[in-house]
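The chain contents come next:
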Amino acid sequence: MSEQRSGFPRRDAEGRILTLGDLVGIGLAGWVVGMLALVLFDLAFASIGAGDFGRTNGWLAVILPAWLFWDDFRAWEFGAARVVAALVAAAVAAVGGLLVAGLAGGLAPLLTGGLGALAFTLVYAVLWFQGVHWLARRTG
């Protein structure tokens, strides 16, 4: 497998992310950027009296990681392996994110949703990467 470019995340010639560490690292970076943006917007709106701080839905922090996952999904050739891996990873990650958000239910929506988005990001990254590679080897 030859690398497409030397940037981060490292990708192969087809544009697929090469390592789980790269996928998790970029996914977490996207989550952090999303949370920072939400905090800044929420703070700005709270400072002008448009609501209380912390009332923004923290689940919005999953936007950048989801974009990354979509990009990696598109890089895999069409077939059952990528579809099955994506569906299973999304279902399990959604349940995991909802469980974490539920456990943090007493906190502000920014925090509960943010923690749910973090759990979703981590679970999806691991299951997607491991699942699509394993299924691709099995299906050829």
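In this report, the structure presented in the accompanying data block is examined. (Residues numbered from 1 in each chain as written. Predicted model: local features only at pLDDT ≥ 70, side-chain atom pairs only at ≥ 80, totals over all residues. Heavy atoms only, no water.)

**What about the packing of helix H2 (residues 63-75) against helix H4 (residues 109-139)?**
So, point 1. Contact geometry for H2 and H4: axes closest at 11 Å, N-to-C directions at 10°. Judged on the interaxial angle alone, H4 and H2 are roughly parallel. Residues Pro65, Phe69, Asp72 and Phe73 of H2 pack against Thr121, Tyr124, Ala125 and Trp128 of H4.
So, point 2. Residues belonging to the contact of H2 with H4 are distributed by class as follows: six nonpolar, one polar and one charged. (Axes fitted to C-alpha atoms, helices over the stretch in contact; angles between N-to-C directions. Helix = DSSP H or I, 4+ residues; strand = E, 2+ residues; numbered from the N terminus. Parallel < 35°, antiparallel > 145°, perpendicular 65-115°, else oblique. Contact = heavy atoms within 4.5 Å. Nonpolar A, V, L, I, M, F, W, Y, C, P; charged D, E, K, R; others polar.)

**Things to note about the packing of helix H1 (residues 20-47) against H2**
So, point 1. The N-to-C vectors of H1 and H2 enclose an angle of 150°; their axes lie 7 Å apart at closest approach. In this view, H1 runs roughly antiparallel relative to H2, as classed from their interaxial angle. Each of Leu23, Ile26, Gly27, Gly30, Trp31, Val33 and Gly34 in H1 lies in contact with H2, whose residues at this interface are Leu64, Pro65, Leu68 and Phe69.

**Structural notes on the side chain of aspartate 42**
So, point 1. The residue aspartate 42 is located in helix H1 in this model.
So, point 2. Within the buried set, aspartate 42 has no salt-bridge partner at all; the shortest N-O distance to an opposite charge, 7.7 Å, is to arginine 55.
So, point 3. Setting aside anything within four residues of it in sequence, one finds aspartate 42 in contact with Asp52, Phe53, Gly54, Arg55, Thr56 and Leu110. (Buried < 20%, exposed > 50% of the residue type's maximum accessible area, 1.4 Å probe, protein only. Lys, Arg positive; Asp, Glu negative; His and termini not counted. Salt bridge = Lys/Arg side-chain N within 4 Å of Asp/Glu carboxyl O.)

**Details of the packing of aromatic side chains**
So, point 1. Applying the stated criterion across every chain, the model contains five aromatic pairs.
So, point 2. Between phenylalanine 69 and tyrosine 124, the ring centres sit 4.6 Å apart and the planes meet at 35°, which makes this aromatic pair tilted. Of this pair, phenylalanine 69 sits in helix H2 while tyrosine 124 sits in helix H4, and the two are 55 residues apart along the sequence. Neither phenylalanine 69 nor tyrosine 124 differs from the other in exposure class; each is buried.
So, point 3. Each ring, one from phenylalanine 120 and one from tyrosine 124, has its centre 5.8 Å from the other, and the planes form 15°; the classification is stacked. Of this pair, phenylalanine 120 and tyrosine 124 both sit in helix H4, four residues apart, roughly one helical turn.
So, point 4. On the basis of relative accessible area, phenylalanine 120 is assigned to the buried category, the value being 16%.
So, point 5. On the basis of relative accessible area, tyrosine 124 is assigned to the buried category, the value being 7%. (Phe/Tyr/Trp six-rings, centres within 6.5 Å; stacked < 30°, edge-to-face > 60°.)

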